[in-house]
Structures are given as structure tokens and as C-alpha cells.
Amino acid sequence: MQTNPSKPSWFELFALYKDPRLLRIFGLGMASGFPWVMIGSAMSAWLSEEGLSRTNIGFFGFIFIAYSINFLWSPLVDRVSIPFVGRYLGQRRSWIVVTQVLIAMCCWMIASVSPSQDLAWAKFLALGLALAAATQDIAIDAFRIDSLPNEDSKLMSAGAAMATSGWWTGFAGLGAVPLILVDLDSWSWGDVYQMMAVAMVLLAIVPLTAKEPVTQREAQQQSRNAVYLSHLSQGGLTQQWVLRLCVPCFLALLAWMILGFPGFDHSESYYFQSGFVLLALLFFIVRSLVRIEGHALNGADVGENLSFASKFSERVARMVSWLLVSFVEPLTEFFRRNGVSLALSVLLFIFLFKIGEAFLGRMSIVFYKEIGFSNSDIAIYSKVISWWVTIVFSLIGSAVTMRYGILKGLFVGGFSMAVSNLMFALIALTGPSKLLLVAAVVVDGFTTAWSTVAFVAFLSMMCNRAFTASQYALMASLGTLGRTFLASYSGWLVDYLSGNWALFFALTALMVLPSLLFLYRIRHRLRSLSHEF
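Remember, predicted model here, so these are calculated numbers, not experimental data. (Residues numbered from 1 in each chain as written. Predicted model: local features only at pLDDT ≥ 70, side-chain atom pairs only at ≥ 80, totals over all residues. Heavy atoms only, no water.)

Student: What's the story with the overall build of the chain in this structure? I'm lost.
Tutor: If you tally the helices and strands in the chain, you get 28 helices and 0 strands. Counting over 533 residues, the chain shows a buried share of 51%. Counting every atom, the chain has about 24,600 Å² of accessible surface; 67% of that belongs to carbon and sulfur. (Helix = DSSP H or I, 4+ residues; strand = E, 2+ residues; numbered from the N terminus. Buried < 20%, exposed > 50% of the residue type's maximum accessible area, 1.4 Å probe, protein only. Areas by Shrake-Rupley, 256 points an atom, 1.4 Å probe, with all protein chains shown as cover.)

Student: Honestly, helix H12 (residues 189-203) in this entry has me stumped. Any pointers?
Tutor: Helical geometry note: an α-helix holds 3.6 residues per turn, so side chains three or four residues apart project in the same direction. Counted at 1.5 Å a residue, the expected span for H12 with its 15 residues is 21 Å, and the 21 Å between its end C-alpha atoms agrees. Among the residues of H12, those classed as buried are Trp-189, Gly-190, Val-192, Tyr-193, Met-196, Ala-197, Met-200 and Leu-203. Buried residues of H12 fall within an arc of 160 degrees about the axis and therefore sit on the same side. (Expected span 1.5 Å × (residues − 1). Arc of directions from axis to C-beta.)

Student: Looking at this model, I keep getting lost on the side chain of Ser-74. Mind explaining?
Tutor: Relative to the assigned elements, Ser-74 resides in helix H7 (residues 74-79). In this structure, Ser-74 is in contact with Ile-138, Ala-469, Ser-470 and Ala-473, ignoring residues within four places of it in sequence. (Contact = heavy atoms within 4.5 Å.)

Student: Where do I start with the confidence of the model for the chain in this structure?
Tutor: Low-pLDDT portions of the prediction should not be read for the details of their coordinates. Scored by pLDDT, the chain has a mean of 77; 76% of the residues are at 70 or more. Per-element confidence in the chain is highest for helix H9 (residues 91-111), whose mean pLDDT is 93, and lowest for helix H17 (residues 308-311), whose mean pLDDT is 46. Low pLDDT, under 50, characterises residues 1-5; the predicted model gives this stretch 1 contact beyond four residues in sequence or across chains. (pLDDT = per-residue confidence, 0-100.)

Student: How should I be thinking about the state of the cysteines in this particular structure?
Tutor: Every disulfide links exactly two cysteines, by a covalent bond between their sulfur atoms. Throughout the structure, instances matching the rule amount to 0 disulfides. Cysteine Cys-106 shares no disulfide, and the gap to the nearest cysteine sulfur, in Cys-107, comes to 8.7 Å. Of the residues examined, Cys-106 reaches a relative accessible area of 14% and is grouped as buried. (Disulfide = S-S within 2.5 Å.)

Student: It is not clear to me how the environment of Leu-72 should be interpreted in this structure. Could you clarify?
Tutor: Position of Leu-72 among the secondary structure elements: in the loop between helix H6 (65-68) and H7. When its relative accessible area of 24% is taken as the criterion, Leu-72 is described as partly exposed.

Student: Sorry if this is basic, but what is going on with the pattern of salt bridges here?
Tutor: Note that side chains of opposite charge can pair when their charged atoms are close. Applying the stated criterion across every chain yields a total of 6 salt bridges. Residue Arg-92 is joined to Asp-78 by a salt bridge in which the shortest nitrogen-to-oxygen separation is 2.9 Å. Of this pair, Arg-92 sits in helix H9 while Asp-78 is found in helix H7, placing the two residues 14 residues apart along the sequence. There is no split in this pair, since Arg-92 and Asp-78 are both buried. (Salt bridge = Lys/Arg side-chain N within 4 Å of Asp/Glu carboxyl O.)

Student: How should the nonpolar core be read in this particular structure?
Tutor: Buried together is how nonpolar side chains tend to be arranged in soluble globular proteins. Among the nonpolar cores identified, the biggest contains 61 residues, and Phe-349, Ile-350, Leu-410 and Phe-458 are the most heavily contacted of them. Setting aside residues up to four positions removed in sequence, Ile-350 forms contacts with Phe-455, Phe-458, Leu-459, Met-475, Leu-478 and Gly-479. (Core = buried A, V, L, I, M, F, W, Y, C linked by side-chain atoms within 4.5 Å.)

Student: Can you help me understand helix H23 (residues 434-461) in this one?
Tutor: Given a rise of 1.5 Å per residue, 28 residues ought to cover 40 Å, and the 40 Å separating the end C-alpha atoms of H23 matches this to within 8%. Of all 28 residues that make up H23, 20 are buried, and the element is covered over most of its length.

Student: Mind showing me how you'd approach the packing of aromatic side chains here?
Tutor: Two aromatic rings, taken as a pair, are described by how far apart their centres are and by the angle between their planes. Scanning all chains against the criterion turns up 17 aromatic pairs. Considering the side-chain rings of Phe-349 and Phe-353, the 5.0 Å spacing of their centres and the 45 degrees angle between planes classify their relative orientation as tilted. Seen in terms of ring centroids, Phe-349 and Phe-458 are 5.3 Å apart; in terms of plane orientation they differ by 90 degrees. Their pairing is edge-to-face. Residue Phe-349 is found in helix H19 (residues 340-352), and its partner Phe-458 is found in helix H23; the two are separated by 109 residues along the sequence. An aromatic cluster is built from Trp-36, Tyr-67, Trp-167, Trp-168 and Phe-171, whose rings are joined through pairwise contacts. Arg-523 extends its terminal NZ or CZ atom over the ring of Tyr-520, reaching a point 3.8 Å from the ring centre. (Phe/Tyr/Trp six-rings, centres within 6.5 Å; stacked < 30°, edge-to-face > 60°. Lys NZ or Arg CZ within 6 Å of the ring centre and 35° of its normal.)

Student: I'm lost on the packing of helix H22 (residues 406-430) against helix H27 (residues 513-521) in this one. Help?
Tutor: A pair of packed helices is characterised by two quantities: the angle between their axes and the separation of those axes. At their nearest, the axes of H22 and H27 sit 10 Å apart, and the two run at 165 degrees to each other. One element, H22, and the other, H27, form an angle in the roughly antiparallel class. Here H22 runs over H27; the crossing is left-handed. Along its contact with H22, which presents Leu-407, Leu-410, Phe-411, Gly-414 and Phe-415, the element H27 presents Leu-513, Leu-516, Leu-519 and Tyr-520. Looking at the contact of H22 with H27 residue by residue, the class counts come to 8 nonpolar, 1 polar and no charged. (Axes fitted to C-alpha atoms, helices over the stretch in contact; angles between N-to-C directions. Parallel < 35°, antiparallel > 145°, perpendicular 65-115°, else oblique. Left-handed = near helix turned anticlockwise from the far one by under 90°. Nonpolar A, V, L, I, M, F, W, Y, C, P; charged D, E, K, R; others polar.)

Student: So what exactly am I meant to see when it comes to empty space enclosed by the protein here?
Tutor: With a probe scaled to a water molecule rolled over the atoms, the places where space remains empty come into view. If you walk through the whole model with that rule in mind, you get 2 cavities of 30 Å³ or more. If you add up the space inside the second largest cavity, you get close to 40 Å³. Among the elements that take part in the lining of the second largest cavity, H22 stands out by supplying 3 residues, more than any other. Tallied by class, the residues present in the lining of the second largest cavity amount to 4 nonpolar, 3 polar and 1 charged. (1 Å grid on protein atoms, 1.4 Å probe; cavity = no way out; pocket = protein on both sides within 12 Å on 5 of 7 lines; lining within 4 Å. Points joined across faces, edges and corners; volume = space filled by probe spheres on them.)

Student: What exactly am I supposed to notice about the packing of H19 against H23 here?
Tutor: At a minimum axis separation of 12 Å, H19 and H23 run at an interaxial angle of 150 degrees. On the basis of the axis angle, H19 is roughly antiparallel to H23. Seen along the crossing, H19 lies across H23 with a hand that is left-handed. Only Phe-455, Phe-458 and Leu-459 of H23 make contact with H19, whose side of the interface consists of Val-346, Phe-349 and Ile-350.

Student: So what exactly am I meant to see when it comes to a nonpolar patch on the surface here?
Tutor: On the surface, Phe-415, Leu-503, Leu-507, Leu-510 and Leu-513 cluster together to form a nonpolar patch covering roughly 430 Å² of accessible area. Topologically, Phe-415 is positioned in helix H22. For Phe-415, a relative accessible area of 45% corresponds to the partly exposed category. (Patch = residues over 30% accessible without salt bridge, like charges linked within 9 Å, V, L, I, M, F, W, Y side chains within 5 Å.)

Student: Would you take a moment to explain the side chain of Lys-354 for this structure?
Tutor: Following the sequence through the fold, Lys-354 ends up in the loop between H19 and helix H20 (355-371). With a relative accessible area of 6%, Lys-354 lands in the buried category. A distance of 2.6 Å separates a polar atom in the side chain of Lys-354 from a polar atom in the side chain of Thr-452. (Polar contact = N/O pair within 3.5 Å; in protein donor to acceptor, adjacent residues only side chain to side chain.)

Structure below.
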């Protein structure tokens with residue numbers, strides 16, 4: 001039986017991991033995962049030893065919201081060049097190095113703070129560290145995607161695996177070091193944070209030794225800028241509404257919401273209501289710009305000759321054009337390139353794909369405790385084993401995805417996630433069996449790694465190189481939003497089921513099905529991007 005010549009051998013696939021670009025992606029992944037230790041496990045342990053209340057310790061969890069909303073400033077990473085540094089390192093590497101230096105500076109400053117005596121200053125520094133780390137993630141993801149050929153789905157899958165393995169190494173591998181050192185009599189928490197700051201500076205060697213990716217980003221952005229200036233100078237009635245009313249209203253409402261609705265009593269309902277209004281305005285802006293572009297390409301009359309520049313200065317017109325290209329064009333281009341219907345299917349798939357996994361993850365520790373596992377069991381089986389399983393199967397899953405394609409990788413990953421959730425249902429029915437727990441953790445780690453690699457490769461291939469940072473951050477944040485928003489009802493669902501864990505895990509297994517329906521709908525588009533058959 002002959003091997004299909006279109007499929008590379010397993011040896012050729014694993015040989016790809018020796019590519020220097022992939023090794024650098026692994027190092028950047030470590031730098032991406034390490035800050036989670038600084039503001040996560042290490043910070044929680046330090047605050048606990050300082051005698052702070054659970055409420056104060058819990059506050060630091062809000063800091064991680066920076067990772068969920070980093071898409072708001074991701075266009076700046078695409079368009080703003082950092083003075084002096086950007087001239088020598090380039091757009092992507094300069095953002096990575098500068099944010100890594102800021103992370104190290106915040107970490108070093110935290111080392112000199114006593115949280116029990118100056119908690120407000122510790123919170124401020126931790127927030128600054130989180131914002132720098134979230135921005136670093138934007139730049140690292142953009143660097144990874146720009147460094148690899150967009151048409152090469154194999155390298156994209158390998159890059160996703162190395163990024164995932166590197167992140168877990170930085171989070172779990174390096175993350176264990178501070179907790180070990182602080183148990184030694186000669187190390188204080190201040191010393192540990194200084195050590196982590198030095199480690200972060202050392203990780204900056206990776207982008208300094210890399211090459212800046214070569215793209216046509218600036219040329220494409222300037223081209224879109226010229227198109228928008230043309231729309232501004234000769235726009236019809238629709239354009240006038242979009243540019244004069246909707247865009248300013250959208251930006252004003254967004255700024256007001258970020259500032260916490262000054263002038264009104266803080267209410268959670270304001271965020272939901274404003275969020276729906278923002279989405280409606282954004283949808284109208286994007287839809288209108290896509291239609292305008294379509295009319296212009298077809299040679300249709302774009303409207304009556306109303307001079308926008310005659311009423312506003314040329315400088316204001318250029319500023320509006322810059323804002324549109326930076327903050328609106330990434331989403332507009334995504335809808336224009338894929339079509340509105342297909343683009344919505346892609347976004348819904350991203351939103352729903354890991355919902356079941358998130359429901360399980362949010363309640364897993366509670367389940368372990370209620371079913372009868374000890375803290376040691378949870379630490380050894382759920383954390384340590386899961387780390388190594390995730391790294392190993394990220395590489396193996398990537399090789400399988402490279403051989404059989406991202407589309408099949410996503411389908412297999414989705415169905416595997418459902419099966420792994422059923423393993424936890426089996427534990428709920430049989431009781432606290434350590435053998436079953438190990439099996440469930442291994443299967444869950446395997447499916448998580450496989451699906452994550454295919455999912456990250458999928459997101460990477462959906463990006464336009466002119467707006468890599470913006471589009472990837474937006475899609476990744478959409479996936480995070482789905483996991484954090486809907487999964488927050490996981491506890492309510494368990495209570496609603498009267499603590500029936502087996503039924504709960506069975507339902508989480510079914511939650512993957514809607515996303516697979518949307519994946520089936522977009523299969524032709526994904527095949528055309530990755531040249532799969």
C-alpha cells in the first residue's frame with residue numbers, strides 16, 4: 001500500500017520543529033505565560049501569607065480582564081510605531097521588547113512593596129503589569145503569524161503548537177520556581193519578584209535575536225487610508241451618517257463605558273445596555289462601509305458631491321480617516337473578505353467552540369472536592385500531569401493536524417472534547433477513583449491540546465497581514481468572552497440540576513455541537529485558505 005505523496009511523513013513533520021522560527025515562537029510563548037505567575041499564583045500566595053482577606057485577594061482576579069479587553073487597543077500595535085526603538089527593531093519586535101521591559105519594571109517595583117501596608121500601590125503596579133502583559137500578547141501573536149507563510153497550514157499548526165507549549169512552560173514550569181524558592185529560608189517574596197523580573201529581561205533576548213517579519217502591512221494600510229479619504233471628500237447620505245454621527249457616538253459611548261459611566265450611579269445593567277448599543281452601532285458602521293466599498297468597486301455613483309473637507313479641516317478629515325483605518329477597517333476588511341453571512345458564521349464558531357470545555361473547567365475543582373478527592377490528588381493529577389500532557393500532545397496533535405489538515409483537526413478536537421467531558425461524568429457515577437481521574441486528566445489534556453492547536457492555527461489563517469494584531473486579538477477575545485460570560489452560569493446549572501454532576505458533564509459534552517454546525521458551514525472557506533482537500 002503506497003503512501004499518499006501529498007501527505008508528508010511523520011519524520012518530516014516532526015523535523016519542522018527544528019525550524020529556528022518555531023523555536024523562537026516557543027521562547028515567546030514562555031514570555032507570554034510567565035506574567036500570569038506574577039499576578040496570579042505567586043501574588044495570591046504572597047497576599048495570603050501577608051494575612052490579607054479573601055476579598056482583597058479576590059480583587060486581583062479582576063486584573064486579568066486586561067487580557068479579555070486587549071482588542072480595544074490592539075489596533076495601536078498595528079499602526080503606531082514606537083519612537084526610536086521601532087526604527088531599529090521594527091514594528092513587531094519593538095512592541096514585544098518594550099512591553100517586556102515594562103513587565104520587568106513593574107515586577108521589580110512590586111518586589112519593594114509590602115502589600116499588607118500599601119495594598120493600593122501593589123494593586124496599581126499589578127494592573128500596570130497586566131496591561132503590559134496583555135499588550136505583549138497582542139504583539140507576540142502578530143509576530144508569530146507574520147513570521148510564518150499564511151498559505152502554509154502546516155507551519156501555522158506547528159507554530160500554534162510551539163506557542164501553546166511555550167505558554168504552558170512559562171506558566172506551569174517557570175511558575176513552579178517562585179513557590180519552591182519562597183519555601184527556602186534565604187528567599188523572601190521580594191527576592192522572588194526580583195528574580196522573576198530578571199527572568200523576564202532574559203526572555204527579551206528571544207525577540208532581540210529574531211528577525212522582523214517582512215509584510216506589506218504599511219502599504220495596505222496607506223491604500224485603505226486613501227480610500228477612506230476619498231469617501232470623506234465625496235460621500236453620499238449614508239457615508240455622512242456613518243462618519244458624522246455613528247463613529248463619534250460609538251467612540252464617545254465606548255470611552256464613557258470604560259471610564260465607568262461618570263455622572264451616573266454605577267450599575268451592571270448599564271454595561272449590558274451599552275454593550276448592545278455599541279454592537280448595533282459597530283454593525284451598522286461595518287455594514288455601511290462594506291456596501292460603500294462594493295458600490296465603489298462596481299463603478300456606481302457613491303453619492304452626491306458633499307465636501308466633508310469644506311466643513312471640517314483637512315487635519316480633522318485625516319484624523320477621522322486614521323481612526324477608521326485603525327479601529328474599524330480591521331473588522332470591515334474581515335467582513336468584506338469573507339462576506340457578511342460567512343463572517344458571522346466564523347465569529348459564531350469562535351464564540352461557541354470551547355463553551356463546554358469552559359463549563360467543565362470552571363467547576364472542575366468544585367467537582368473534585370465534592371466527589372472526595374484530596375488537595376494533594378488535585379495538585380498532582382490535575383495540575384502537574386496536565387502540564388506535561390498538554391505540552392506533549394500539543395506537539396503530537398500539531399503533527400496530526402499538519403498531516404490531515406486544520407479542518408479535520410477542528411472536527412476531531414471538537415468531538416474529542418465532548419468525549420473527554422463524558423469521562424468526568426463516568427467519575428461522577430463511579431466515585432473518586434484515582435485511576436479514572438488520571439485517565440480523565442490525560443484524555444482532557446490530549447483533547448485540550450489538540451483542539452487548542454487547531455483553533456489557534458485557524459484564527460491565525462483567518463487574519464489579514466495588514467491587520468494581524470487587531471483581527472487576531474478581536475477573534476481571540478471573542479472566544480474568551482464566550483468562555484467567561486456563558487461559563488459564569490456553570491455553577492447555576494449544577495444547582496439547577498440538584499448537584500447531578502453526571503448530567504452536568506453530559507450537557508457540557510453536547511455544548512460543542514452548535515459550534516461544529518457552524519464549522520461545517522465554513523468548511524469550504526477554511527479549505528480554500530489552507531489548500532486542504
